[in-house]
Structure formats: structure tokens, C-alpha cells
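A look at the structure
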Amino acid sequence: NPTRTALQDCLAALEGGTHGVCFASGLAAVDTVVRTLSPGDHVVCGDDVYGGTYRLFTTVFAKVGIRFSFVDLSDPDVEIPEGTKLVWAETPTNPLLKTTDIQSLADKAHAVGALLAVDNTFATPVFQRPLSMGADIVLHSTTKYLGGHSDVVGGALITSNDALAEQFTTLQNSVGAVPGPWDCFLTLRGIKTLAVRMARHDENAKALVAWMRERDDVAKVIYPGFGGMVSFVLKGDLDAAVRFVKATKIFILAESLGGVESLIELPAIMTHASVPPDVRASIGIDDGLIRLSVGIEHIDDQREDLEQAFAAAKG
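Quick summary incoming for the structure in this document. (Residues numbered from 1 in each chain as written. Predicted model: local features only at pLDDT ≥ 70, side-chain atom pairs only at ≥ 80, totals over all residues. Heavy atoms only, no water.)

Section: the environment of D305
Relative to the assigned elements, D305 resides in helix α11 (residues 299-313). The spatial distance from the C-alpha of D305 to the C-alpha of L115 is 44 Å, given a sequence separation of 190 residues. Contacts of D305, omitting those with residues within four sequence positions, involve A247, T248, K249, I250 and F251. For D305, the side chain forms a polar contact with the main-chain nitrogen of K249, separated by 2.7 Å. (Helix = DSSP H or I, 4+ residues; strand = E, 2+ residues; numbered from the N terminus. Contact = heavy atoms within 4.5 Å. Polar contact = N/O pair within 3.5 Å; in protein donor to acceptor, adjacent residues only side chain to side chain.)

Written out as C-alpha cells, the structure reads:
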């Protein structure tokens, strides 16, 4: 479809790659990468990874013999074992917003003959271009910041590796998880304002982070230093966190992110509910962890909304 081709070419240009391949969802794009592997192959994946990716790896591909190890890829001393075929990194991660040295990780992956795939959904090419730092594959859930208006679902893979691109396009055609032309049009429309939207997301997030770090009712604020995603740990139990997210009006309670409107969610019982509780606890996804996708509304309205939610959380 010519509209899909236009989107694929646009995304490749944004990421500095030579090939873009679009899909019906971000998870369809993740699925496509892993379909290039064979039973017995080993994948090293970040331990703090999107719950849907974790679920796909552990409940679908593990059953057909692909082996997964989950480690902290933000650790500068992390090792990639011999025999690994793929390293899967989110940076910043979801929801703990850990960042990884992409160039160093690419060097380690390539030293053992592995490919590096980087999920760049949170950073977008406005803040980060992984291919220029040695990554072999960049993934986007175009549902999020690239689309930017919470009205389209999609995914994409970008690479400069001709052989990989051929595999991706073959799978795109064979498996059928393709986006419709209207979805591609909506994503292209969103990309036109990507730079100005990301600047406002970033500005608002920085202001909220500074404000929350001064509050006694916040145990911890997590922010990578750029972008519109903020996580924080509310003092209190899970019930207090539930009261908080139910009380917001500007911040809509929903699992997605990256739209012009602000969203709020509780990873432990929403996006990462499929991750076993002991695994969540081991990587720091507490019951009181709240994730914000900071929108482009006026910062005063956002602060006022969160202020009344803090009051509601106290019961």
C-alpha cells in the first residue's frame, strides 16, 4: 500500500536507517523479530521490560524452545554470554525508566555474534537514535508518541541491515499483521508534530518531577532526565495508590502512553499484571509505583490535578 510505504520510508529516515517495516501493533513488531530465531536460540532481555513483551517471550516463544534470560541491561558490567543470538533492550525501560549505554551494549552483543534490538518507543528519535550507536534493529510501538493522539495502533521495525529487512518484509507479508492505510495515514499525521509535542512533554515532565521531589508523600521519583514519562512511588499501600489513580481527572486512568493527553496507571495491576509478583518485586515494581505519561496540557492544571489526588490517597 502506498501510504504504508510512505510511513515506512518516513520512519527509516527519522531513525537514520535504510529500511522501515510497519505492523498492526507494537507487539506484532516484537513478534516478527523473534520469529527470525530458531528453537534453542538464546535471547538476553532487560529485566524491566514492558509486560506485553515479557508475556510474549515467556508464554508464547518459550514454548517453542527459544530461551530467555532477563537481566539488568542498565548495569555497565552486564555480560552477554557466548551463544546469545539476540539482545533485547528498552531504554528508557518500562516502567522503571532505566537507561542503557547502547554503544557499549552493542559492542558486547556483537562480540558474541548477537544482534541488538532497541525498543525506542519512550525516547523517540527526537531524543535518541539507536542505530547510530550500534543497534541493529529499532522497534517502535507507533501507538504511542509517534502517533501521539491515542487514536491508532501500530508498530514498526527499522534497520540498515539488508538481510534483516528482507526477513522482516517476508514475515510481514506471510503472517499478516499489517497496518491498514488509514492507520498509516494517522501515524504520518502524528509524526508531523512529533518534535513540538516532545518538547512540551519534556518541559511539563521536568516541572512535575521538580515539584514531586519536594513532597513528603512521595517516596521516590524516577525520571531519566528527558521525555514525558515519569514514575514515582507513593508512600502508603496499594489501596492508597488505587485511590490516587482513581482521583485524577486531567490524568486519565489508562494503560497506554505518549498521547497529547496525560495518562496515569498502576503497573503492578495494569501493564505488568502478567509479570509474576515475585518477579515484579525482585526488579522494583512496587505496589505503590505509579507511572505517568505527562501530556501537553497546561502545567498548572496538571499540578492541581495531582495535588487533589495526593489528598484523596490519604483517605
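From this point, things continue past the structure.
Some thoughts on the pairing of strand β7 (residues 155-159)
Taken across its five residues, β7 has five buried, putting it largely inside the fold. The two faces of β7 match: G155, L157 and T159 on one face and A156 and I158 on the other face are all buried. One ladder, built from three bridges, connects strand β6 (residues 137-140) with β7; its direction is antiparallel. Bridge pairing links V138 to I158 in β7. (Buried < 20%, exposed > 50% of the residue type's maximum accessible area, 1.4 Å probe, protein only. Pairing = 2+ DSSP bridges.)

Observations concerning unusual backbone geometry
Across the junction of T91 and P92, the peptide omega takes the value 0°, indicating a cis bond. Position of P92 relative to the elements: it lies in the loop between β4 (84-90) and α4 (102-111). Cis geometry marks the peptide bond from N94 to P95, where omega comes out at 15°. Residue position: P95 is located in the loop between β4 and α4. Although it is not a glycine, L97 adopts a positive phi angle of roughly 60°. Within the element layout of this structure, L97 appears in the loop between β4 and α4. Even without a glycine there, the phi angle at S150 is positive, about 55°.

Digging into the side chain of Q8
Summarising the element assignment, Q8 is placed in helix α1 (residues 2-15). Ignoring sequence-local partners within four residues, the contact set of Q8 consists of G20, V21, C22 and Q172.

Some thoughts on the sheet that holds strand β3 (residues 67-71)
Taken in spatial order, the seven strands make up an open sheet running β1-β7-β6-β5-β4-β2-β3, and their pairing is mixed. Of all strands in the sheet, those bounded by a partner on one side alone are β1 (19-23) and β3. Each neighbouring strand pair of the sheet contributes to a mean axis angle of 20°, computed without reference to strand direction. In this sheet, β3 lies alongside strand β2 (residues 42-46) in parallel orientation, the contact comprising five bridges. Bridge pairing in β3 links G46 to V71. Each of β2, β3 and β4 is contacted by helix α3 (residues 51-61), which is oriented at about 150° to β3, the strand it contacts most. (Axes fitted to C-alpha atoms, helices over the stretch in contact; angles between N-to-C directions.)

Here's the deal with α1
If you check α1, its first and last C-alpha atoms are 20 Å apart, about what 14 residues at 1.5 Å a residue would give, namely 20 Å. Taken together, the buried positions of α1 are R4, L7, Q8, L11, A12 and E15. Take α1 and look down its axis: the buried residues cluster within an arc of 135°, on one side only. Exposed residues on α1 whose side chains face more than 90 degrees from its buried face are P2, D9 and A13. Structurally, α1 contributes buried residues whose contacts are with β1, α5 (124-127), β6, β7, α6 (162-175) and α7 (181-191). Between a side-chain oxygen at the N-terminus of α1 and the backbone nitrogen of T3 the separation is 2.8 Å; the capping residue is N1. Backbone geometry just after α1 places G16 at a positive phi near 75°. (Expected span 1.5 Å × (residues − 1). Arc of directions from axis to C-beta.)

Geometric values such as these leave the question of function open.
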